[in-house]
Amino acid sequence: DIQMTQSPSTLSASVGDRVTITCRASQSISSWLAWYQQKPGKAPKILISKASTLETGVPSRFSGSGSGTEFTLTISSLQPADFATYYCQQYNTYPWTFGQGTKVEI
Amino acid sequence: QVQLVQSGAEVRKPGASVMVSCKASGYTFTVYYMHWVRQAPGQGLEWMGWVNPNSGDTHYAQRFQGRITMTRDTSITTVYMEMSSLRSGDTAVYYCAKEGPVSGLHHWGQGTPVTVSS
């Protein structure tokens, strides 16, 4: 199975900060990577697919980059609604696998 | 708009089975694979497998092989996930999630809590 490792596990930040989350795959997954945001008690919501494609309705302060084994999710100016847990997920190879999550907190 | 509405919370004893349903609407049901993902309390997301609503074909994560069955009923645009031989470690919220046009999980159900306890 492909292991997805996110860093950091927890991130403390303030409104207006630029935030970067890293996701590393244990082997190359090309650009077959998605990022999700999850708030407590809610289902995950897709933010980015194919490593860098912003999904419809997602604010432009979110961006994704990378290919192969190294990927990043960047929030250019953190907003109150962005405090949540973020997951990366590879869909290059079955079984699809998720990172362990990064909690963005105040 | 796309909606995935799941069945309600379930409580089962160890060794029992559970079936969770996911009613889809707002799109052509047979076009996109439906996946199941679970999340244990306080833990991350775990992919379980998919069902092709058009053909009924399935693909399961190895660790669930022999214990889960995913099916669909096209007449009522509903998919099902049945898990047998439940144990306490299966306590989790189970989500159905619709695959997108270029893959990834684009729409999610609200989640179904399943508690396994004696």
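Look up: the structure comes first, before these words.
All of these numbers come straight from a predicted model, not from anything done at the bench. (Residues numbered from 1 in each chain as written. Chains lettered and ligands numbered in written order. Predicted model: local features only at pLDDT ≥ 70, side-chain atom pairs only at ≥ 80, totals over all residues. Heavy atoms only, no water.)

Caption draft 1: Quick peek at the sheet that holds strand E8 (residues 78-83) of chain B. Residues and elements named next belong to chain B. Pairing in this open sheet of four strands is antiparallel, and the strands run E1-E3-E8-E7 from one edge to the other. On the outer flanks of this sheet lie strand E1 (3-6) and strand E7 (68-73), each paired with one strand and no other. Between one strand axis and the next, the sheet turns through 20 degrees on average, direction left out of account. Two elements, strand E3 (residues 18-25) and E8, share six bridges in a ladder whose sense is antiparallel. Note that in E8 the partner of Met19 across the bridge is Glu82. (Pairing = 2+ DSSP bridges. Helix = DSSP H or I, 4+ residues; strand = E, 2+ residues; numbered from the N terminus. Axes fitted to C-alpha atoms, helices over the stretch in contact; angles between N-to-C directions.)

Caption draft 2: Spotlight on the pairing of E3 of chain B. All names here are of chain B. Across the two faces of E3 the burial differs, with Val18, Val20, Cys22 and Ala24 buried and Met19, Ser21, Lys23 and Ser25 not buried at all. Two strands pair when backbone bridges link them, and E1 and E3 are joined in this way by four bridges, in the antiparallel orientation. Directly across from Gln3, in E3, lies its bridge partner Ser25. (Buried < 20%, exposed > 50% of the residue type's maximum accessible area, 1.4 Å probe, protein only.)

Caption draft 3: Broad picture of the nonpolar core. Within the largest apolar cluster, 40 residues are counted, with the highest numbers of intra-cluster contacts made by Phe98 of chain A together with Met34, Trp36, Met48, Met81 and Met83 of chain B. In contact with Met34 of chain B, other than residues within four places in its own chain, are Leu4, Cys22, Ala24, Tyr27, Gly49, Trp50, Val51, Pro53, Val79, Cys96, Ala97 and Lys98 of chain B. Counting 25 residues, the second-largest nonpolar core is a separate cluster that includes Leu33, Leu47, Ile48 and Val58 of chain A. (Core = buried A, V, L, I, M, F, W, Y, C linked by side-chain atoms within 4.5 Å. Contact = heavy atoms within 4.5 Å.)

Caption draft 4: The sheet that holds strand E7 (residues 62-67) of chain A, seen in detail. Residues and elements named next belong to chain A. Spatial strand order, E1-E3-E8-E7: four strands in an open sheet with antiparallel pairing. Looking along the sheet, the strands with just one partner apiece sit at the ends: strand E1 (4-7) and E7. On average, each strand axis in the sheet is tilted by 15 degrees relative to the strand beside it, whichever way the strands run. Bridge count for E7 against strand E8 (residues 70-75) is six bridges, and the pairing is antiparallel. The partner of Ser63 across the bridge, within E8, is Thr74.

Caption draft 5: Here's a closer look at the interface of chain B and chain A. Taken together, the contacts link 20 residues of chain B with 16 residues of chain A. Note on chain B versus chain A: buried area summed over both sides is about 1,500 Å², and carbon and sulfur give 67% of it. Three residues, Leu45, Trp47 and Trp108 of chain B, lead the burial of chain B against chain A; their summed loss comes to 36% of the area buried on that side. In this structure, the connection of chain B to chain A is made through zero salt bridges. Between chain B and chain A we count seven residue pairs in polar contact (both at pLDDT 80 or more) in total. Secondary-structure elements contributing two or more residues to the side of chain B that touches chain A are strand E4 (34-39), strand E5 (45-51), strand E9 (92-99) and strand E10 (105-108) of chain B. No other element matches the four residues that E5 of chain B contributes to the side of chain B that touches chain A. For the side of chain B that touches chain A, a count of residues per class yields nine nonpolar, nine polar and two charged. (Buried area = accessible area lost by both parts, 1.4 Å probe. Salt bridge = Lys/Arg side-chain N within 4 Å of Asp/Glu carboxyl O. Polar contact = N/O pair within 3.5 Å; in protein donor to acceptor, adjacent residues only side chain to side chain. Nonpolar A, V, L, I, M, F, W, Y, C, P; charged D, E, K, R; others polar.)

Caption draft 6: Looking closely at the packing of aromatic side chains. Across all of its chains, the model carries 12 aromatic pairs over all chains by this definition. Summarising the aromatic geometry, the rings of Tyr91 of chain A and Trp96 of chain A are spaced 5.9 Å apart at their centres and angled 55 degrees between planes, so their arrangement reads as tilted. The two residues Tyr91 of chain A and Trp96 of chain A agree in class, both being buried. For the cation-ring pair, Lys98 of chain B lies above Tyr27 of chain B, with the distance from its terminal atom to the ring centre recorded as 5.1 Å. (Phe/Tyr/Trp six-rings, centres within 6.5 Å; stacked < 30°, edge-to-face > 60°. Lys NZ or Arg CZ within 6 Å of the ring centre and 35° of its normal.)

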